[in-house]
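# Structural description and commentary
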Amino acid sequence: MRILAYAQLLESYRSLTLQSMSTAFGVGVEFVDKDLQKFISSGRLNCTIDKVHGIVETNRPSSKNAQYETVVRQGDLLLNSVQKLSKVCMAIKEVANRLIGKDVETLFEDMGKTWDYLLADPQLRWIGPEKGIIHLATAAVDNALWDMFARFRKKPLWKLISDMTPEEFVRSATFRYITDAISKEEALAMLREREAGKVERETLVRKIGLGQHYSGGTICKLTASCTKGLTISVGYDDEKVARLVREAIGAGFTHFKMKVGANFEDDYRRANLIRSIIDNPSSFPEGYQPPTAGSLQGKNAGPMGCVLMMDANQVWDVDEAVKYTKGLASAKPWFIEEPTAPDDILSVAQGHAAIRKALKPDGIGVATGEHAHNRMTFKQLLQAEAIDVCQIDSCRLAGVTEILSVLLMAAKFGIPVCPHAGGVGLCEHALHLSLIDYIVVSG
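Residues numbered from 1 in each chain as written. Predicted model: local features only at pLDDT ≥ 70, side-chain atom pairs only at ≥ 80, totals over all residues. Heavy atoms only, no water.

With that out of the way, let us pick up the overall build of the protein chain. A tally of helices and strands in the protein chain yields 21 helices and eleven strands. Here the protein chain holds 443 residues, and the buried ones make up 50% of them. Taking the intrachain contacts of the protein chain between residues at least 6 apart in sequence as the baseline, contacts between residues at least 24 apart amount to 70%. Counting only carbon and sulfur atoms, one obtains 55% of the accessible surface of the protein chain, whose full area is about 21,100 Å². (Helix = DSSP H or I, 4+ residues; strand = E, 2+ residues; numbered from the N terminus. Buried < 20%, exposed > 50% of the residue type's maximum accessible area, 1.4 Å probe, protein only. Contact = heavy atoms within 4.5 Å. Areas by Shrake-Rupley, 256 points an atom, 1.4 Å probe, with all protein chains shown as cover.)

All right, on to the nonpolar core then. By size, the foremost hydrophobic cluster in this structure holds 96 residues, and its most contacted members are Trp 146, Phe 256, Ile 392 and Leu 408. Residues Tyr 6, Leu 36, Ile 49 and Val 56 belong to the second largest nonpolar core, which totals eleven residues. (Core = buried A, V, L, I, M, F, W, Y, C linked by side-chain atoms within 4.5 Å.)

Following the criterion strictly, the structure yields 27 salt bridges and no others. Across the pair Glu 167 and Arg 192 runs a salt bridge whose closest N-O atoms are separated by 2.6 Å. Separated by 25 residues along the polypeptide, Glu 167 in helix H11 (residues 166-172) and Arg 192 in helix H12 (residues 184-195) bring together distant segments of the chain. A relative accessible area of 31% means that Glu 167 is categorised as partly exposed. One continuous salt-bridge network, built from bridges that share partners, spans Lys 155, Lys 159, Asp 163, Glu 202 and Arg 206. (Salt bridge = Lys/Arg side-chain N within 4 Å of Asp/Glu carboxyl O.)

To continue, consider empty space enclosed by the protein. The full count for this structure, using the stated rule, is two cavities of 30 Å³ or more. The volume enclosed by the largest cavity comes to roughly 80 Å³. Val 95, Leu 118, Leu 119, Ala 120, Asp 121, Leu 124, Arg 125, Pro 129, Glu 130, Ile 134, His 135 and Thr 138 together form the lining of the largest cavity. Only helix H8 (122-127) and helix H9 (132-152) provide two or more residues apiece to the lining of the largest cavity. (1 Å grid on protein atoms, 1.4 Å probe; cavity = no way out; pocket = protein on both sides within 12 Å on 5 of 7 lines; lining within 4 Å. Points joined across faces, edges and corners; volume = space filled by probe spheres on them.)

The topology assignment puts Ala 341 in the loop between strand S9 (333-337) and helix H18 (351-359). In this structure, the C-alpha to C-alpha distance between Ala 341 and Thr 368, residues 27 residues apart in sequence, is 9.7 Å. When near neighbours in sequence (up to four residues on either side) are disregarded, Ala 341 contacts Trp 316 and His 352.

Next up on the list: the confidence of the model for the protein chain. When pLDDT is averaged across the protein chain, the result is 84; 83% of the residues are at 70 or more. Put simply, strand S5 (residues 218-221) is where the protein chain has its lowest mean pLDDT, 30, and H11 is where it has its highest, 98. Low pLDDT, under 50, characterises residues 61-80; the predicted model gives this stretch 20 contacts beyond four residues in sequence or across chains. Here residues 213-227 is modelled with pLDDT under 50, and outside its nearest four sequence neighbours on either side it reaches 54 contacts, counting other chains as well. (pLDDT = per-residue confidence, 0-100.)

On to helix H3 (residues 29-41). In this model H3 runs 18 Å from its N-terminal to its C-terminal C-alpha over 13 residues, within 8% of the 18 Å that 1.5 Å per residue would give. Taken together, the buried positions of H3 are Val 32, Asp 33, Asp 35, Leu 36 and Phe 39. Two residues or fewer past H3, Gly 43 is found with a positive phi of approximately 80°. (Expected span 1.5 Å × (residues − 1).)

On to unusual backbone geometry. Look at the link from Gly 128 to Pro 129: it is a cis peptide, with omega at -10°. When you line up the elements, Pro 129 lands in the loop between H8 and H9. A positive phi angle, near 55°, is found at Lys 154, a position not held by glycine. Considering the arrangement of structural elements, one finds Lys 154 in the loop between H9 and helix H10 (157-162). The backbone phi angle of Gln 314 is positive, close to 65°, even though this residue is not glycine.

On to the packing of H12 against helix H20 (residues 399-413). A packed helix pair is summarised by two numbers, namely the angle formed by the two axes and the spacing between the axes. Relative orientation of the contacting elements H12 and H20 amounts to 75°, with a least axis distance of 11 Å. By the angle class used here, H12 and H20 are roughly perpendicular. Of the residues in H20, those touching H12 at Glu 186, Ala 187, Met 190, Leu 191 and Arg 194 are Leu 408, Ala 411 and Lys 412. Each residue belonging to the contact of H12 with H20 can be placed in one class, and the counts come to five nonpolar, no polar and three charged. (Axes fitted to C-alpha atoms, helices over the stretch in contact; angles between N-to-C directions. Parallel < 35°, antiparallel > 145°, perpendicular 65-115°, else oblique. Nonpolar A, V, L, I, M, F, W, Y, C, P; charged D, E, K, R; others polar.)

For strand S7 (residues 255-259), the buried fraction is high: five of the five residues fall into the buried class. The alternating pattern of S7 places His 255, Lys 257 and Lys 259 on one face and Phe 256 and Met 258 on the opposite face, and all of these are buried. Bridge analysis of S7 against strand S8 (residues 307-311) gives five bridges, and the strand direction is parallel. Note on S8: the bridge partner recorded for Lys 259 is Asp 311. (Pairing = 2+ DSSP bridges.)

Okay, structure coming up:
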């Protein structure tokens, strides 16, 4: 990834100082110098380093100079983007510094208390509080700490937490600001009630696995009930949509999600095309057995047990979301995901709560949460009865500790959790969260 970033920067500039590049990437000048020399010597970067002045100069044909001049602004945009990412990295270092010198077993013993400590620095807290760069940084540190905990115990994360007693689980979550939704005592009682079935549920997932959602070539989302799903992106023509759906059916997929919001006529046609395929017995291989009725409850599943979902990626205002989604009701979607701004929750005439209420007569639910800042946002979504599916993000919330708190709230309110993730390793992280939810919390 670094070679690509270096190459793009040097494509857009005649020269850059080693100092500016080190600042952009949040690393030392010596690191950049050695890194560049390695790529130059291997022939992967076409540039030279002026050691005297600390300048990296690109080697370009003279005929290309005018062309390169036109992309300098693009280079500025890229550099700014890299600098923004480096600010998150700097925030991570500041949060992590709070753990220097701490005894790891003391930290592991009460991960909820450890999480509270990470957020307790008055200067760092001021940057948020509990949102934005500092919350993303806390997520990175908390997730890393949980990974360390699991490695120390020689267990995968899901198994580490699944093996906890209810008391240990509650100590590993945070309850600050959410006790009006769920108290420690309520959480403890709920976990004890589900304790008896943990072994059976773990045995089941070890046998059949846990479902996954497939999008754009990468596993991106775990479904709530041991099923597999495919996402159809905006811009696919009808032939490609039909082919992907049929291929997914052949691979055992039963949940299908399509992106919507760009053009109603296209969305209406594609939605009903997908529904016509997933409800047609001839689309399925011989011997196909639909999922059990219990796993399909409330999902608008068709006669073959397949489910259609829609994702608007926050494209609409509230009234527009209601009108647009109602227009697609003939395709019988389970839910509309992120129909409006993620922060619009509670207002009487607007927000997710209003959208859910308006769509309820059509049997269409609302899913959101991948851009929710923190557990308090989820608390409000749940208390306002604004969602049918709770979509935690593996790194938007401040790590595993805060996620455990949201899992507990969702279970209390009877709302299924469908984790969101994207990026290197994060989809695998989300799988652990789904396993924890199923085995320990929601049952």
